Amino acid sequence: MTAGITEAVHAVDAAAVLELISAKPRLLALGEPTHGENDLLELRNDLFRQLVEREGYRTIAIESDCMMGQLVDDYVTSGAGILDHVMRHGFSHEWGAFAGNRELVRWMRAYNDGRPTSEQVRFAGFDGPLEITAAASPRQALTALHTYLAARVDADLLPCTAETLDRLLGSDDRWTNSAAMMDPTRSVGQTPEANQLRLLADDLVALLDAQTPHLIATSAPDDWDRARLYGRTAVGLLRYHRWMADTSPGRIPRLVGLRDSMMAANLLALAERGPTLVNAHNSHLQRDESSMRLGDLSVRWWSAGATVSAHLGNEYVFLATALGTIPHQGVDTPPPDTIEGRLYALPQQNCLVDTRRLVAALAGTTPAHRVSPWYGYAPLDPAHLANIDGLVFVKDAQRNTTLQRSPNA
C-alpha cells in the first residue's frame, strides 16, 4: 500500500502542480484545513512566488474581506500607506497578525517596486464583509458605488441622491449589532428602510450594467473593477441582512449559502482578470456539497468552489491540503487507517499527491474519517477525494502562527 502511494507523491512546487493537472487554470485554489498555521502560509507564499516568476500568475486572493483587501492592493501596487496599518486594517478575521500574511505583503511590495503596472502582482480579498458574529453595514459599498456613478452619468439616471442613501442607512451600529446573529428580531434587515435600500442597490447595479460601454471608456480599469465589486458587495450584504432578520428554518442555510455565493461572485470576477492563486479553507473551495449540524438542524449548501467549478469547468483546479499533526493544538499522529495516517508514514515533510493515483492505491479499502480533537482543524473527508485535483500534505505544523507586534514593528 505504501509503495503505491509513494508513486503518487511529488514535490510541492509550481512545475509539479501544473504538470499534475496538465493545464494552466484561471483559478488555482489551494485549500487549508485550518487557519493561521505558518507552515501552510509559507508553503502558499512559496508556491505563489513560483507561479508569478515562472508561470505568469499575477493575483493572489485570500479568504478575507473584499473591501478591506483594497487597502492591501493599494499598498503592494503603489506603496500607499504604512505596513503596520495595512496589516491591521487590510485583513478581516484578525488575519493581518499572521506572520505568513505579513511576509506575503512584504514580498509583493518588493516585487512590484519599479515594475510597470502590467507586470505587477495584485492582492484581493474574496470574502464578503462578514465576521462570524456580524455583517458589515452596506454603507461603504453603497456610497462608493453611488459616488462612482454620480461622477460619470447624468444625475437624472440615478435612482436616488447620496443624502437619501445616508438617511436610509442610518447609524452603522444598527447593522453591525452582534446580537442579531442569534436573535433575528434584533436585525434591521427587513425594516422598511432596508427594503428600500435593496431596491435602490438593485437600481444602481442595473445602471452600472446599462452604462457599461460608457463607463469602461471613461474609467481606469481598476476603477471599473472596483465599481463592480461595490455593486456585488452592496447587493450581497443587503440580501445577507435580510436573511439575518428571517425567522424561518431556512435562515441559517441561506446565510451560509449567501456567504459562499458572495465569495464565488468575487472569484469569477478575478478569473476574468487573469490566472489567480486562491487560498481559503478547504470547505470553501471544495466541489462537494457542504454540510454541518447545528443541534438538530442539518444544514447543506454549495461552497464557492463548487459554484465556480460549475461555471469554469477545468479552468478551476482545487488542491486540498491535509495535515498530519498540530502538536500545539493537541492534534497528534493520525490513526494509520486514515488518509492522513497513510500519508504520515511517508518520509517527506511536505508533498504533492496525485489524487488519481492515490485513489487507485487505496482501491479495495475504505479509509476511516479522522476525528479532530480541536474544533479549529477539519480533517480530510475521504468521500471528497475523487473531486480533488491534487492533495498537498504537510506532515507536522509546529511553527509560531502569529506575529508578535512591537511598537517599532
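Parameters at a glance
- Residues numbered from 1 in each chain as written.
- Predicted model: local features only at pLDDT ≥ 70, side-chain atom pairs only at ≥ 80, totals over all residues.
- Heavy atoms only, no water.
- Pairing = 2+ DSSP bridges.
- Helix = DSSP H or I, 4+ residues; strand = E, 2+ residues; numbered from the N terminus.
- Contact = heavy atoms within 4.5 Å.
- Axes fitted to C-alpha atoms, helices over the stretch in contact; angles between N-to-C directions.
- Core = buried A, V, L, I, M, F, W, Y, C linked by side-chain atoms within 4.5 Å.
- Buried < 20%, exposed > 50% of the residue type's maximum accessible area, 1.4 Å probe, protein only.
- Polar contact = N/O pair within 3.5 Å; in protein donor to acceptor, adjacent residues only side chain to side chain.
- 1 Å grid on protein atoms, 1.4 Å probe; cavity = no way out; pocket = protein on both sides within 12 Å on 5 of 7 lines; lining within 4 Å.
- Points joined across faces, edges and corners; volume = space filled by probe spheres on them.
- Nonpolar A, V, L, I, M, F, W, Y, C, P; charged D, E, K, R; others polar.
- Phe/Tyr/Trp six-rings, centres within 6.5 Å; stacked < 30°, edge-to-face > 60°.
- Parallel < 35°, antiparallel > 145°, perpendicular 65-115°, else oblique.
- Left-handed = near helix turned anticlockwise from the far one by under 90°.

*Asks:* Would you mind showing me how to read the sheet that holds strand 2 (residues 27-32) here?
*Replies:* Spatial ordering of the open sheet is given by 1-9-10-8-2-5-3-4, a layout of 8 strands whose pairing is mixed. Because the sheet does not close on itself, it has two edges, and the strands there are strand 1 (9-10) and strand 4 (122-127). Pairing analysis gives 6 bridges linking strand 8 (residues 316-325) to strand 10 (residues 390-396), with the strands arranged parallel. Bridge pairing links leucine 323 to valine 394 in strand 10. Against the sheet, helix 2 (residues 14-21) makes contact with strand 1, strand 2, strand 8, strand 9 (350-353) and strand 10, and its axis sits at roughly 15° relative to strand 9, the strand it touches most. Where helix 15 (residues 304-312) meets the sheet, it contacts strand 2 and strand 8, and its direction lies at approximately 150° from that of strand 8.

*Asks:* Honestly, the pairing of strand 9 in this entry has me stumped. Any pointers?
*Replies:* Consecutive side chains of a regular strand alternate in pointing toward one face of the sheet and then the other. Where strand 1 lies against strand 9, 2 bridges are found, and the strand directions are antiparallel. Paired with valine 9 across the two strands is valine 353, which belongs to strand 9. Bridge count for strand 9 against strand 10 is 4 bridges, and the pairing is antiparallel. Across the sheet, valine 353 pairs through a bridge with leucine 391, a residue of strand 10.

*Asks:* Help me out: how do you make sense of the nonpolar core in this one?
*Replies:* Taken as a class, soluble globular proteins show a tendency for nonpolar side chains to be buried jointly. Ranked by internal contacts, the top residues of the largest apolar core, which has 43 residues, are Leu28, Phe48, Ile60, Val105, Met108, Phe123 and Leu277. With residues near it in sequence (within four places) discarded, phenylalanine 123 still touches Ile60, Ile62, Gly69, Val72, Asp73, Val76, Phe91, Leu104 and Met108.

*Asks:* Teacher, can you tell me more about helix 15 here?
*Replies:* Residues that lie three or four places apart on an α-helix share one face, since the helix turns once every 3.6 residues. Inspection of helix 15 places Ala304, Gly305, Ala306, Val308, Ser309 and Leu312 among the buried residues, and these make up the whole buried set. In the core, the buried residues of helix 15 are packed alongside strand 2, helix 13 (251-273), helix 14 (282-285) and strand 8. By the N-cap criterion, in which a side-chain oxygen at the helix start approaches the backbone nitrogen of a residue two or three places on, helix 15 is capped by serine 303, the distance to glycine 305 being 3.3 Å. Looking one or two places after helix 15, you find glycine 313, whose phi comes out positive at around 60°.

*Asks:* For this particular structure, what's the right way to read empty space enclosed by the protein?
*Replies:* One way to see where empty space is left: roll a probe the size of a water molecule over the atoms. Taken as a whole and assessed by the stated rule, the structure comprises 2 cavities of 30 Å³ or more. When its volume is computed, the largest cavity comes out at roughly 80 Å³. Considering the residues around the largest cavity, the lining is formed by Glu32, His35, Gly36, Leu41, Arg44, Ile62, Glu63, Trp95, Phe98, Asn101, Asn279 and Ala280. Grouping the constituent residues of the lining of the largest cavity by class yields 5 nonpolar, 4 polar and 3 charged. Estimates place the volume of the second largest cavity at around 50 Å³. Lining the second largest cavity are Leu30, Gly31, Glu32, Leu40, Leu41, Leu43, Arg44, Asn279 and Thr321. Counting residues per element, the lining of the second largest cavity draws most heavily on helix 3 (residues 38-55), which supplies 4 residues. Broken down by class, the residue content of the lining of the second largest cavity amounts to 4 nonpolar, 3 polar and 2 charged.

*Asks:* Explain the packing of aromatic side chains to me, please; I cannot follow it from the model alone.
*Replies:* Centre distance and the angle of the planes are the two values used to describe a pair of aromatic rings. For the coordinates displayed, the defined rule picks out 5 aromatic pairs. Ring centres of phenylalanine 48 and tryptophan 107 lie 6.0 Å apart, and the angle between their planes is 75°; on these two criteria the pair is classed as edge-to-face. Taken together, the residues phenylalanine 48 in helix 3 and tryptophan 107 in helix 6 (residues 99-112) connect sequence positions 59 residues apart. With respect to class, phenylalanine 48 is no different from tryptophan 107; both count as buried.

*Asks:* Just to check I follow, could you spell out unusual backbone geometry for this structure?
*Replies:* Leaving glycine out, the prevailing phi sign among residues is negative, and the prevailing peptide bond configuration is trans. Residues other than glycine seldom take positive phi values, yet histidine 93 does so here, at roughly 60°. Considering the arrangement of structural elements, one finds histidine 93 in the loop between helix 5 (83-89) and helix 6. Take histidine 93: its relative accessible area is 18%, and that puts it in the buried class. A positive phi angle, near 65°, is found at glutamate 94, a position not held by glycine. Examined against the element boundaries, glutamate 94 turns out to sit in the loop between helix 5 and helix 6.

*Asks:* Can you help me understand the packing of helix 3 against helix 6 in this one?
*Replies:* When two helices pack together, their arrangement is captured by the angle between the axes and the distance separating the axes. The interhelical angle for the contact between helix 3 and helix 6, taken along N-to-C directions, is 20°, at an axis separation of 8 Å. Judged by the inter-axis angle, helix 3 sits roughly parallel to helix 6. In this structure, helix 3 crosses over helix 6, and the sense of that crossing is right-handed. On helix 6, the residues that touch Asn38, Leu41, Arg44, Asn45, Phe48, Arg49, Val52 and Glu53 of helix 3 are Ala99, Gly100, Asn101, Glu103, Leu104, Trp107, Met108 and Tyr111. Each residue belonging to the contact of helix 3 with helix 6 can be placed in one class, and the counts come to 8 nonpolar, 4 polar and 4 charged.

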